[in-house]
Structures are given as C-alpha cells and as structure tokens.
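# Understanding the architecture of this molecule
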Amino acid sequence: MVHIRSFQPEDALAVAGLILPIQQSEFGIPITLEAQPDLLNIQGFYQRNRGNFWVGVAGGRVIGTVGLLGIGNGQAALRKMFVAAAYRGKQHGVAQRLLEQLVVWCRDKAITSVYLGTTAKFLAAHRFYEKNGFGEIEQSTLPETFPIMAVDTKFYKLEIKRNPA
C-alpha cells in the first residue's frame, strides 16, 4: 500500500537515496547531491511560497517524490518527480497519485500554471506528462522566474483548472 504525504525532515536521506541513483545510474546524469542544493534543504526550498514537496511511501520506504516550487504570479515549477523502478507504471499509480496531490494543492493555493523542464532522455516521463494534460512549450515562453536546469531540453506547461463552484 502506497501512501502519499508531505515531506518531513526525517525523509531527507531517503529522498536523496531514491533520486541520486536514478539520475546517475539510470539516466547517466553526472550530478551529485552537493550540486542539488534543493535536496539539501527541501523545507527551505520547496515548502514555502505556495510550494510543497511530497513523498510516496510503501513499506516504510520512500518510493516516490515530487516537488512544487512557487515562482510567483500564480505560477509554479514541478521538480524532482522520481519513482523507484519497482513502483513505476499504471499498476502501482505512484506517479499519478503524486501528480494528483500536486494538482489539488495548486487549486487550493490558487496556482494557475505549472511548468516543468526535463531532458530528451526521459521518454516515459514525456508520455506521462502529456497524458496528464501538459503541453510542450518553447523555452522562450517560460516565465522569467522559472529555474532552468542545465540538463533541461524539453519544457511543458499545465493549466490548472479551478474546481467547479
């Protein structure tokens, strides 16, 4: 059984332990924990300015993550969406549930647009985002406040629809 909840400080090592091997081994991105200051201070980086960070937990282990960084003007950036290989796919629904939690949060916090950057290598991620309503956009149309990462080559935007009154 997978449970989705907000990040807590005691999750920090488990979050890094999930994300780093996926970045380094699966996708061959030569990045360190030290090169990702957001992972060293999740509360200070994400859990402020209408942002948050969620974890998926199964059997007491962090098996999924997603972060939302408030960037102003009712806009936010989706960051650090990772799911352990054994929990990927529709049968587990971990990524779907993490994204659904993020969208509910956005509606509650009056965030109207979510942007993300990703690499050309993450083909399964591209399909997932597109299936969930994200449209590919040109880098030139990103908000000035969007934090572009060095590895980002594809960009997406999701318009958050308000809950019907």
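Residues numbered from 1 in each chain as written. Predicted model: local features only at pLDDT ≥ 70, side-chain atom pairs only at ≥ 80, totals over all residues. Heavy atoms only, no water.

### As for the pairing of strand β5 (residues 113–118)
Looking down a regular strand, the side chains alternate between one sheet face and the other. Burial analysis of β5 places 5 of its 6 residues in the buried class, the great majority of the element. In terms of handedness, the path from strand β4 (residues 75–83) via helix α4 (residues 94–108) over to β5 forms a crossover that is right-handed. Summarising the sheet, β5 and strand β7 (residues 154–159) pair through 6 bridges and their orientation is antiparallel. For Tyr-115, the partnering residue across the bridge sits in β7 and is Lys-157. (Buried < 20%, exposed > 50% of the residue type's maximum accessible area, 1.4 Å probe, protein only. Helix = DSSP H or I, 4+ residues; strand = E, 2+ residues; numbered from the N terminus. Right-handed = clockwise from strand over helix to strand, strands pointing away. Pairing = 2+ DSSP bridges.)

### A few points about the sheet that holds strand β1 (residues 2–6)
With mixed pairing, 7 strands are arranged side by side in an open sheet as β1-β2-β3-β4-β5-β7-β6. If you trace the sheet from one side to the other, it starts and ends with β1 and β6 (135–137), each paired once. Averaged over all pairs of adjacent strands, the angle between strand axes in this sheet comes to 25°, irrespective of strand direction. Bridge count for β1 against strand β2 (residues 52–58) is 5 bridges, and the pairing is antiparallel. Bridge assignment links Ser-6 to a residue of β2, and that residue is Trp-54. (Axes fitted to C-alpha atoms, helices over the stretch in contact; angles between N-to-C directions.)

### So, the environment of Val-151
With respect to the helices, strands and loops of the structure, Val-151 is situated in the loop between β6 and β7. Using a relative accessible area of 39% as the deciding quantity, one classes Val-151 as partly exposed. Discounting chain neighbours no more than four positions away, the residues touching Val-151 are Ile-29, Thr-118 and Thr-119. (Contact = heavy atoms within 4.5 Å.)

### Re the pattern of salt bridges
One pass over the structure, following the stated rule, counts 5 salt bridges. Close ionic contact of Asp-11 with Arg-5 constitutes a salt bridge, the shortest N to O distance being 2.7 Å. The partner of Glu-136 in a salt bridge is Lys-154, and the shortest N-O contact between them spans 3.1 Å. One end of the pair, Glu-136, is in strand β6; the other, Lys-154, is in strand β7, with 18 residues separating them in the sequence. (Salt bridge = Lys/Arg side-chain N within 4 Å of Asp/Glu carboxyl O.)

### A few points about helix α1 (residues 12–26)
Given a rise of 1.5 Å per residue, 15 residues ought to cover 21 Å, and the 21 Å separating the end C-alpha atoms of α1 matches this to within 8%. Taken together, the buried positions of α1 are Val-15, Ala-16, Leu-18, Ile-19, Leu-20, Ile-22 and Gln-23. On its buried side, α1 packs onto α2 (37–40), α3 (42–45), β2, β3 (61–72) and β4. (Expected span 1.5 Å × (residues − 1).)

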